[in-house]
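Per-entry structural report
Residue strings, one per chain:
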Amino acid sequence: MYLKELSIPEKSYIFGSVGRFHKQKGFDIIYESFKSLKLENSYLILIGNSHNEYKHYKSKNIITLGHKDNIQDYYKLFDCYISASRWETFGIAMVEAMTFSLPIITSVHEGNKDWISNYNVETFENENIDDLKNKIIKAYENRPEKINYNLDRFNYDNTCNDILNFYKDL
């Protein structure tokens, strides 16, 4: 779909991340980890607002893009999703990645520490570039299959019913 526009050859392995280009999101950690690996036929796509301030992140196999209204099309391009947030209140982009059945590599932080261990994802120590490098190499070498995540706990109707039942029980 967008591979040709992005100059990415077919059959490439694509890592991706979505969020604001802000220190909180850890794009710098992802960038530093990925750029030094020199993985053959592998690409990193970083998507989010304020990307123009991070033009220096571009390289032969690292692409930065601004806000996309059709973000689902980019999630479909990714083979693996990376979240390196230093802190979050929740982290909706990771649930979006789960919706697209993407294997995930994520930091553990305040926003996901209570629920992320219930899912089959790779975690790395927050802000640990070497740990993230190892997880990227593992994903690149093993090429994990798509994962069917049970997202019932994030279902709007289920959540509303849980809240309603909580108040009924009071």
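The coordinates are above.
Just so it is clear, the model here is predicted, and its values are computed rather than measured. (Residues numbered from 1 in each chain as written. Predicted model: local features only at pLDDT ≥ 70, side-chain atom pairs only at ≥ 80, totals over all residues. Heavy atoms only, no water.)

1. What to know about the overall build of the protein chain
Put simply, the rule is: Helix and strand definitions follow DSSP, with helices as H or I runs of at least four residues and strands as E runs of at least two, each counted in order from the N terminus. For each residue, the accessible area found with a 1.4 Å probe, counting protein chains only, is set against the maximum for its type, and the residue is called buried under 20%, exposed over 50%, and partly exposed in between. The contact criterion used is simple: two residues touch if any of their non-hydrogen atoms lie within 4.5 Å. Methods summary: accessible areas were calculated by the Shrake-Rupley approach with a probe of 1.4 Å, and residue burial reflects only the protein chains presented. His residues and chain termini do not enter the charge count, which takes Lys and Arg as positive and Asp and Glu as negative. Each charge is placed at NZ for Lys, CZ for Arg, CG for Asp and CD for Glu.
When you go through the protein chain residue by residue, the secondary structure sums to 5 helices and 6 strands. Overall, the protein chain is about 60 × 35 × 35 Å in size when its C-alpha atoms are taken along their principal axes. A burial count over the protein chain gives 48% of its 170 residues as buried. Partitioning the contacts of the protein chain with sequence separation of at least 6, the portion at a separation of at least 24 is 62%. With an accessible surface of roughly 9,600 Å², the protein chain has 46% of that area assigned to carbon and sulfur atoms. The protein chain carries 21 positive and 24 negative side-chain charges, and their two centres are separated by 6 Å.

2. What about a nonpolar patch on the surface?
Applied cut-off: Each patch is assembled from residues with relative accessible area greater than 30% and no salt bridge, linking like charges that lie within 9 Å and nonpolar side chains (Val, Leu, Ile, Met, Phe, Trp, Tyr) that lie within 5 Å. Salt bridges, as used here, are contacts in which a Lys or Arg side-chain nitrogen is within 4 Å of a carboxyl oxygen on Asp or Glu.
Where nonpolar side chains cluster on the molecular surface, the patch consists of Ile163, Phe166, Tyr167 and Leu170 and spans about 500 Å² of accessible area. Within the element layout of this structure, Phe166 appears in helix H5 (residues 156–169).

3. Overview of the layout of surface pockets
Going by this rule: With a 1 Å grid spanning the protein atoms alone, the term cavity applies to any set of points in which a 1.4 Å probe fits but cannot get out, the term pocket to an open set with protein on both sides within 12 Å along at least five of seven lines, and the term lining residue to any residue with an atom within 4 Å of a point. Grid points are joined across faces, edges and corners, and a volume is the space filled by probe spheres set on the points.
Here the largest pocket is characterised by a volume of approximately 390 Å³. The set of elements that each furnish at least two residues to the lining of the largest pocket consists of strand E1 (13–18), strand E4 (80–83) and helix H3 (92–99). Per-element accounting of the lining of the largest pocket gives the leading share, 4 residues, to H3.

Nothing here speaks to function; it is geometry throughout.
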